Amino acid sequence: MSKKVVVPGDLVSAERKRLGSNVFVADGKVYAKVLGISDDEGEVASVVALEGKYNPQPQDTVIGVVGRVVFAGYGINLNSYTESFMPKSAFREELKMGDIIVATISYVNELKEADLEYAKKLYGGDIIEVTPVRTPRLIGKNGSMLDLIRRGTGCEIIIGKNGRVWARNGNLPLLKKVVKFIEENSYKSNLTNTIESFFGEVPSVPGAKGKKGTDTPSEESEVLGGESEEINLTQEKQESEEYDTTEGE
Amino acid sequence: MILLKVNEMGKHGSNVEADYSKDKKRMDGRKGMDELRPMSIKVGVIPNADGSAYLEWGQNKVYAAVYGPREALPKHSQNPYKAVIKVAYRMATFSVPERKQPRPNRRDYEISKVLGEALERAVFVENFPNTEISVFVEVVDSNAGSRVACLTAASCALADAGIPMRDMVAATGTGKAFNEIVLDLNKDEEDASDAVDIPLAILPRSGEIVLLQMDGVITKEEFAKAMQMGIKGCKDIYEVQKAALKAKYELEELALNSAEKEIKGDATAQGAGEVKAPKAEKAEADSKPAKKEGKAKKVKK
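Everything quoted here is computed from the prediction, not taken from an experiment. (Residues numbered from 1 in each chain as written. Chains lettered and ligands numbered in written order. Predicted model: local features only at pLDDT ≥ 70, side-chain atom pairs only at ≥ 80, totals over all residues. Heavy atoms only, no water.)

Quick look at the overall build of chain A
Then step 1. What chain A contains, in helices and strands, is 5 helices and 15 strands.
Then step 2. Across the 249 residues that make up chain A, the buried fraction comes to 54%.
Then step 3. For chain A, contacts bridging at least 24 residues in sequence account for 61% of all contacts bridging at least 6.
Then step 4. As displayed, chain A offers around 11200 Å² of accessible surface, 49% of which is attributable to carbon and sulfur atoms. (Helix = DSSP H or I, 4+ residues; strand = E, 2+ residues; numbered from the N terminus. Buried < 20%, exposed > 50% of the residue type's maximum accessible area, 1.4 Å probe, protein only. Contact = heavy atoms within 4.5 Å. Areas by Shrake-Rupley, 256 points an atom, 1.4 Å probe, with all protein chains shown as cover.)

As structure tokens, then:
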């Protein structure tokens, strides 16, 4: 079967395997839950989603926008199902609506409400919105893609798993173009090399550290397979939950 | 023998006479009683929606847009155990021969309700407590079977939004007209004196029936035959849905080379794919002369 595009209800694996992300079991077979790319090589059958909203997970780094200010604290918009709340004591200064923060998710409850920790205000900069399920591609294997983009554009970049990329300084228009390209081609293989050759043709940007092509892992595994280590960790955490989604039909 | 009284079309139903048990083909030129009207689906047509689809099915033209899952508002509509699916089925004022009042009427509310219930069976609603999934389906042109067209389009839009689903929902009309059991009735057939209209939707993988309505009088045997025909039709529609969703990504794959070159300029190569059923294309070619004939007759009168 290997890797191919599947729609909800498509067969991923005819035999019972360990369940990865976005799959469910019916009649002892593994089916896809979402539109995505299936992978049933090895012990795990899983689907990498191509579309979808942000699903908060503990340890995710997210970029939030202050959407509501009350006496006790702030309602933070995370691009998720519900807004998160942070007390004023979590920040050194008073925030106002529209301020951008970066934080880590400490806990997600059964209603998918996320608790945040290690919050920090971000000064200046721009937010680029991307499809949340495609952010792993912006990071690349061991952060290779992110390194590449940082060097190529000279921007300070923080990637939030919730589909927001915050960036400051450097060549922002170029960054926007690159991020958009990666997002639209996220399901294709060899993206790091494509982007690498792209930056190679651009005159070096002032403020960019290092030179093109140094110590970048040139190989990236196939379509969407190469995700950062971080992502793989969260996926394994999910697996224990995914076992429960067995459908009794 | 086909007679058209154009003045009375639409409002009072057409006074068309035919006998399918003798005729070899159907009023719109379809050869078989179990043949669908030509159908094409395109996904990702509305950029601001989370998922969307445009469907043409014979003369029916339908847009579907999906937003969510997002916080359900008003708050009392939230369900802490599952997502609520809010469907809004609406017809454009110009979608029918006589202007439709834009205010949603009894029929709109009913169809919204049954479509929502059908989709709820397919979506993993239990994964999204306290949220709503909004589905907006707008009929811009109609010719019988618009509710099944909407359901087919809505299901594609849900998949395009990346919402976890057990299966797609495939729907078609089936029933009886002019003395014969037929699949996918058009307006003329639906207005036949002995017409029975059965909108039917299934989850193709499990065969579960998620929508079944009926209007008319029919025998047990005829009903069984109509259902059999309908389920087969739904499975054909399922193939078109699958192809439409996959085409969006597989066509982009083909466009990769050109996209790579373009990245220096405006780095985008968008290719939301449009797919037609091979069978449907043939049927379209067949039905074209019939359409022209119909128009010509109108002009003469």
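Alright, that's what it looks like, and here's the rest.
Side note on empty space enclosed by the protein
Residue and element names in this part refer to chain A.
Then step 1. On inspection of all chains with the given rule, the structure shows 1 cavity of 30 Å³ or more.
Then step 2. Lining the largest cavity, in full, are L138, I149, I157, I159, V165, L175 and V179.
Then step 3. Elements represented by at least two residues in the lining of the largest cavity include exactly β14 (156-160) and α3 (172-184). (1 Å grid on protein atoms, 1.4 Å probe; cavity = no way out; pocket = protein on both sides within 12 Å on 5 of 7 lines; lining within 4 Å. Points joined across faces, edges and corners; volume = space filled by probe spheres on them.)

Brief notes about the pattern of salt bridges
Residues and elements named next belong to chain B.
Then step 1. Tallied over the full model, the rule gives 33 salt bridges over all chains.
Then step 2. Ionic pairing is found between K113 and E117, a salt bridge with its closest N-O pair at 2.9 Å. Of this pair, K113 and E117 both sit in helix α1 (residues 106-122), 4 residues apart, which is roughly one turn of that helix.
Then step 3. Since its relative accessible area comes to 41%, E117 is described here as partly exposed.
Then step 4. In the salt-bridge network here, residues are joined through shared partners; they are R26, D28, R30, R37, D184 and E189. (Salt bridge = Lys/Arg side-chain N within 4 Å of Asp/Glu carboxyl O.)

A look at the domain arrangement of chain A
As a measure of interface size, the accessible area lost when the parts come together is often cited.
Residue and element names in this part refer to chain A.
Then step 1. When cut into domains, chain A gives domain 1 (5-49), domain 2 (61-122) and domain 3 (126-242).
Then step 2. Contact with domain 2, which involves 11 residues of that partner, is made by 10 residues of domain 3.
Then step 3. When the two sides are added together, the surface that domain 2 and domain 3 hide from each other amounts to roughly 930 Å², 60% of it contributed by carbon and sulfur.
Then step 4. Our count for the contact surface shared by domain 2 and domain 3 stands at 6 residue pairs in polar contact (both at pLDDT 80 or more).
Then step 5. Sorting the residues of the side of domain 2 that touches domain 3 by element identifies β8 (61-69) and β11 (100-108) as the ones contributing at least two each.
Then step 6. The biggest single contributor to the side of domain 2 that touches domain 3 is β8, with 5 residues.
Then step 7. Class assignment of the residues belonging to the side of domain 2 that touches domain 3 gives a composition of 7 nonpolar, 4 polar and no charged. (Domains from an automatic or database assignment. Buried area = accessible area lost by both parts, 1.4 Å probe. Polar contact = N/O pair within 3.5 Å; in protein donor to acceptor, adjacent residues only side chain to side chain. Nonpolar A, V, L, I, M, F, W, Y, C, P; charged D, E, K, R; others polar.)

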